[in-house]
Amino acid sequence: MILKYKEALEDCDAALATEPSFTKAYFRKAKIQTIVGDLDGAIKSYSLGMIRDPNDSKIIKDKEEIATLKQRLELARDLLAKIRDGSTLPSSIKRDAMQALRQIEIVIAKCSAWNDASLVKIEALVYLERFNEGYSLSTKLMRMGMSGSSNLIFFRARCLFGQGNLDDAIKHLRQILAGDPDNRLAMTLLKELRSLGRKKEEADTAYKGRNFDAGVGFYTEALDMCPSTDGSAYRAKLFFNRASANANLRKHEDVVADCTEAISLDDEYFKAYMRRAASNLVIGGENECQQALRDYEKALELAKTEEQERDINKKIRGARVQLKRAKRKDFYKLLGVSRDATESEIKKGYRKLALKWHPDRHSNSTEEEKKKAEQVFRDVNLAYEVLSDPQKKRRYDEGVDEQDLDNPHARPDDGMGGMQGHSGMGGMDPDVLFQMFMQQQGGMGGGGRRGPGSFHFG
């Protein structure tokens, strides 16, 4: 169908000029006027046609429908105006915007070539945070000759910011102000977005300079500055960036919290799922490992390349191993360190616990307390024996059973172990290991327990 409505209207006027009593021409003109949004003109054309044919029930119904369309349009505009000027309660914004959208869509169904009605629809979509739809419709209107409309450019800028594109949103607002310097709405939003952009730049600079503490602070300030409306996608980015800074600070609980916030704002945020999974695995509890698996599985659904899929499948295998291990003895937890602990942190954790649970410190305790101290002391020494040996630590991290850590050919849960017990790991006497450690640290005192390798407290 060739949509030449201007020419069609001219043809109707020419026909009526030749034959003013040509009733069908009035009704044809009214239909075209309805399509292009000239509702008052359509009502007038129907009225002129009905002078000669006042009892046509279909024409009467069509004319009444035009009046109803005007009421729907007025209702939609009124609802959106109240949202715009802040008189709508925040809790009612989406409800009223949805009502406006429903009304304007009924209007557009009849007035398909009415660009101003589509602009009303874009505003409703913005308040509903359906930014992709709003942006696509704004692009269509700009191609249809509305590129000079300040209102269209303003709501297009809001759609861009809603998509997380701060820079392009700022460019659009500047475009408005270049032609209309007194546009209050554009000026207010531009100031907010420029301040937000500068704060994020501070945060990014701190992050790139590896000043992660400052980066966390700046990202937090940026989150406080981010507009509550339209800003979900951008806030998701800020939460993720703060999570990345916290990851470098090894604050993994904070990483998980920030990624969870990012995902709540954007449930297809691939990087946030990956980051949260990694930190949950570092935390390492059974629940955390299960959540990491769920996150990797979600990330696998969102993966866009075969390389990403291979990487995620590898991580899923590792997470399954870690989940299985989380149900067993956890050497990291025994030493009170995280899974990304440094060598010095492992030594520090061991020293603290070995001194705390050394049997000499519990010589005056009850038999039950002595047995507990001896068992914990053995476990702590076993954990240190593994985690202080790079090869054993690597095999342990890969999921090899603790009985098989001395076997360089052992594979995670390959069923080769189970025969040797702890002695299969080298079985170093915990007192001997403790003596060696203390000698290396220069921490030996005088006196001692009876027997070789003794150490005396107090």
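Residues numbered from 1 in each chain as written. Predicted model: local features only at pLDDT ≥ 70, side-chain atom pairs only at ≥ 80, totals over all residues. Heavy atoms only, no water.

> Which residues make up the overall build of the protein chain, and what values do they have?
A tally of regular secondary structure across the protein chain gives 21 helices and zero strands. Residue burial in the protein chain is summarised as follows: out of 458 residues, 44% are buried. Long-range contacts, defined here as pairs at least 24 residues apart, represent 53% of the contacts in the protein chain between residues at least 6 apart. (Helix = DSSP H or I, 4+ residues; strand = E, 2+ residues; numbered from the N terminus. Buried < 20%, exposed > 50% of the residue type's maximum accessible area, 1.4 Å probe, protein only. Contact = heavy atoms within 4.5 Å.)

> Outline the packing of helix α8 (residues 150–162) against helix α9 (residues 166–179), listing residues and values.
For any two helices packed against each other, the geometry comes down to the angle between their axes and how far apart the axes lie. Between α8 and α9, the least distance of the axes is 8 Å, while the angle of their chain directions is 165°. When the interaxial angle is binned, α8 and α9 end up roughly antiparallel. Read as a crossing pair, α8 and α9 show a hand that is left-handed. Residues Ser150, Ile153, Phe154, Arg156, Ala157, Leu160 and Phe161 of α8 form the contact with α9, whose own contacting residues are Leu166, Asp168, Ala169, His172, Leu173, Gln175 and Ile176. (Axes fitted to C-alpha atoms, helices over the stretch in contact; angles between N-to-C directions. Parallel < 35°, antiparallel > 145°, perpendicular 65-115°, else oblique. Left-handed = near helix turned anticlockwise from the far one by under 90°.)

> Can you explain the nonpolar core? Please cite residues and give values.
Counting residues in each nonpolar core, the largest one holds 88 residues, and the members touching the most others are Ile104, Phe161, Leu173, Leu193, Leu238, Tyr296 and Ile312. Excluding anything up to four places from it in sequence, leucine 173 contacts Phe154, Ala157, Ala186, Leu189, Leu190 and Leu193. Among the nonpolar cores identified, the runner-up in size contains 22 residues, and Val337, Val380, Tyr396 and Val400 belong to it. (Core = buried A, V, L, I, M, F, W, Y, C linked by side-chain atoms within 4.5 Å.)

> How would you explain the packing of aromatic side chains if you had to name every residue and give the values?
What the rule picks out here adds up to eight aromatic pairs. Seen in terms of ring centroids, tyrosine 332 and tyrosine 396 are 6.1 Å apart; in terms of plane orientation they differ by 40°. Their pairing is tilted. In this pair, tyrosine 332 is assigned in helix α17 (residues 331–335) and tyrosine 396 in helix α20 (residues 390–398), connecting sequence segments 64 residues apart. With a centroid separation of 4.2 Å and an interplanar angle of 15°, the aromatic rings of tyrosine 350 and tyrosine 384 are classed as stacked. Of the two residues, tyrosine 350 is situated in helix α18 (residues 343–357) and tyrosine 384 in helix α19 (residues 367–387); the sequence distance between them amounts to 34 residues. Connected via pairs of aromatic rings, a cluster forms that spans Phe331, Tyr332 and Tyr396. (Phe/Tyr/Trp six-rings, centres within 6.5 Å; stacked < 30°, edge-to-face > 60°.)

> How would you explain the pattern of salt bridges if you had to name every residue and give the values?
On inspection of all chains with the given rule, the structure shows 25 salt bridges. In this structure, the salt-bridge partner of aspartate 311 is lysine 315, at a minimum N-O distance of 3.0 Å. Linking aspartate 311 with lysine 315, this pair stays in helix α16 (residues 306–326), spanning four residues, or about one helical turn. Its relative accessible area of 32% is what places lysine 315 among the partly exposed residues. Within this structure, Lys31, Lys58 and Asp62 form a network of salt bridges that share partners. (Salt bridge = Lys/Arg side-chain N within 4 Å of Asp/Glu carboxyl O.)

> Describe in detail helix α2 (residues 23–36), supporting the description with residues and values.
Under the 1.5 Å per step criterion, the end-to-end length of α2 is 21 Å for 14 residues, consistent within 8% with the ideal 20 Å. Of the residues making up α2, those classed as buried are Thr23, Ala25, Tyr26, Phe27, Lys29, Ala30, Ile32, Gln33 and Thr34. Once α2 ends, the next one or two residues include glycine 37, with phi positive near 95°. (Expected span 1.5 Å × (residues − 1).)

> Quick one: what's the story with the side chain of aspartate 258, residue by residue and with numbers?
Along the chain, aspartate 258 falls in helix α13 (residues 252–265). Using a relative accessible area of 5% as the deciding quantity, one classes aspartate 258 as buried. When near neighbours in sequence (up to four residues on either side) are disregarded, aspartate 258 contacts Phe239, Arg242, Ala243 and Asn246.

> Now, about the environment of cysteine 289: what can you tell me, with residues and values included?
The residue cysteine 289 is located in helix α15 (residues 286–302) in this model. With sequence-adjacent residues up to four places away left out, cysteine 289 is seen in contact with Leu281, Gly284, Gln322, Leu323 and Ala326.

> Tell me what's going on with unusual backbone geometry, and back it up with residues and numbers.
A positive phi is found at glutamate 129, a non-glycine position, where the angle reads about 60°. We classify glutamate 129 as partly exposed; its relative accessible area is 32%. In this structure, arginine 210 is a non-glycine residue whose phi angle is positive, near 60°. When you line up the elements, arginine 210 lands in the loop between α10 (184–208) and α11 (212–225). Judged by its relative accessible area of 60%, arginine 210 falls in the exposed class.

> Residues and numbers for the confidence of the model for the protein chain, please.
Parts of the model with low pLDDT should not have their predicted coordinates read in detail. Averaged over the protein chain, the pLDDT score is 87; the fraction of residues at 70 or greater is 89%. Looking across the protein chain, the model is least confident in helix α21 (residues 430–441), with a mean pLDDT of 59, and most confident in α11, with 97. Below pLDDT 50 for its whole length, residues 414–426 participates in 26 contacts with residues either more than four positions away or in separate chains. Here residues 444–458 scores under 50 on pLDDT; set against residues more than four positions off or in separate chains, the count is 30 contacts. (pLDDT = per-residue confidence, 0-100.)

> So what about the environment of leucine 302? Which residues, and what values?
Of note, leucine 302 is situated in helix α15. Through-space distance from the C-alpha of leucine 302 to that of lysine 271 is 9.9 Å; in sequence the pair is 31 residues apart. Not counting residues within four places of it along the chain, the set of residues in contact with leucine 302 comprises Glu268, Tyr269, Phe270 and Tyr273.

> Requested: an account of α10, with residues and values cited.
A turn of α-helix holds 3.6 residues, and therefore any two residues three or four places apart point the same way. Compared with the 36 Å implied by 1.5 Å per residue over 25 residues, the 36 Å span of α10 between its first and last C-alpha is a close match. Buried residues belonging to α10 abut α8, α9, α11 and α12 (232–248). Once α10 finishes, arginine 210 follows within two positions and takes phi at roughly 60°, a positive value.

> Pulling in residues and values, what's your account of the packing of helix α7 (residues 131–146) against α8?
Two elements in contact, α7 and α8, have axes separated by 9 Å at closest approach and are oriented at 145°. The interaxial crossing formed by α7 with α8 has left-handed handedness. Residue-level contacts link Phe131, Gly134, Tyr135, Ser138, Thr139, Leu141, Met142 and Met146 of α7 to Leu152, Arg156, Arg158, Cys159, Leu160 and Gly162 of α8. Residues belonging to the contact of α7 with α8 are distributed by class as follows: eight nonpolar, four polar and two charged. (Nonpolar A, V, L, I, M, F, W, Y, C, P; charged D, E, K, R; others polar.)

> Before we move on, could you go through the environment of asparagine 248 and cite the residues and values that matter?
Note that asparagine 248 resides in helix α12. With near-sequence residues (within four places) excluded, asparagine 248 lies in contact with Tyr207, Arg210 and Phe212.

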